Amino acid sequence: MSRGSPGRAVLPTTIVVVVATLAATIAAAASRRYPAGAVVYRVPVAERVVALTFDDGPRPPFTDAILDVLRDQGIVATFFLVGENVERYPTLARRIVREGHAIGNHGWAHRALDGLSTGAARNEIAHGARAIRQVTGVQPRILRPPFGALDARISGRNGVAAEHDQTLVMWSVETRDWATRSPRAVAVGTLRQVEPGAVILLHDGGGNREHVVTATRWMVGHLARQGYRFVTVPQLLNLPDPRGRR
Ligand SMILES: [Zn+2]
């Protein structure tokens, strides 16, 4: 590469990249099917796709083991991270991003937002998002409220989540992996409820999640054989609506 006057060559390229990024951002915002503050449980889609989601991590050794399963199967998932765990296990948080998975905000300290003052709920969301951004470089655009607890102050166009540009992502398949230690119970219960566009709730943190690792390995194999493709939540949110709505 020539050492002569790099400034002239670099500057126009930088401007082109900035303009292109801005245009893409504006286009994405204009066509966002689920804007900030919207609450999503499942996404109507024509294809057989599902989104695996893991809450409460990052938490060794379970997050590592789940990442190994996903890598071996060549699939992607979404991790809703707790801010204080991100600060405690930054290397693991960065591994999630490096391996192509999506991350979302699960609050700073896993507090139920509907039990907090509006100011405290705002802090919980902002602090969680900031920890994720500082450690991984990713600005989360999706928020799963801890315990799925929501109220009118949090959701909607004028709610606290929208202030932070976050879409609220709940789930349509409840595995109850926190209520059992049986991988079979988790896998069977999940497979019974799955349908195209499903959002599957699992946990990689908050306790011993060995059974979740095993259940994930089984489920992924079963679902792949049933013709399911695995997408991240942001990918799922951007799939075309078969009903033709935006
Ligand atoms: Zn949680």
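What you see is a predicted model; the values in this text were computed from it and never measured.

1. Remarks on the overall build of the protein
In step 1: From N to C terminus, the protein includes 9 helices and 9 strands.
In step 2: Residues classed as buried in the protein amount to 40% of the 246 residues present.
In step 3: Nonlocal contacts in the protein, meaning residues at least 24 apart in sequence, comprise 82% of its contacts between residues at least 6 apart.

2. Concerning the nonpolar core
Side chains of nonpolar character tend, in soluble globular proteins, to be buried together.
In step 1: Judged by nonpolar contacts, the single largest core of 60 residues is most densely connected at V50, A51, L52, L81, V199, I200 and V233.
In step 2: With sequence-adjacent residues up to four places away left out, V50 is seen in contact with V194, A198, I200, L223, Y228 and F230.

3. What to know about the environment of V50
In step 1: Along the chain, V50 falls in strand β2 (residues 49-55).
In step 2: It is 6.5 Å that separates the C-alpha atoms of V50 and R229, two residues lying 179 residues apart in sequence.

4. Observations regarding the environment of R243
In step 1: Here R243 shows up in the segment after α9 (233-237).
In step 2: Residue R243 is classed as exposed on the basis of its C-beta count, with 7 C-beta atoms lying within 10 Å.

5. A few points about the pairing of strand β8 (residues 198-203)
In step 1: Within β8, 6 of the 6 residues are buried, leaving the element largely enclosed by the surrounding structure.
In step 2: Where burial is concerned, the two faces of β8 agree: the one with A198, I200 and L202 and the one with V199, L201 and H203 are both buried.
In step 3: Two elements, β2 and β8, share 6 bridges in a ladder whose sense is parallel. Its bridge partner being in β8, V50 is matched across the sheet by A198.
In step 4: In the sheet, strand β7 (residues 173-174) pairs with β8 via 2 bridges, with the strands oriented parallel. Paired with V173 across the bridge in β8 is I200.

Reading the values: the criteria
- Residues numbered from 1 in each chain as written.
- Predicted model: local features only at pLDDT ≥ 70, side-chain atom pairs only at ≥ 80, totals over all residues.
- Helix = DSSP H or I, 4+ residues; strand = E, 2+ residues; numbered from the N terminus.
- Buried ≥ 20, exposed ≤ 12 C-beta atoms within 10 Å, placed from the backbone.
- Contact = placed C-beta atoms within 7 Å.
- Core = buried A, V, L, I, M, F, W, Y, C linked by C-beta atoms within 7 Å.
- Pairing = 2+ DSSP bridges.

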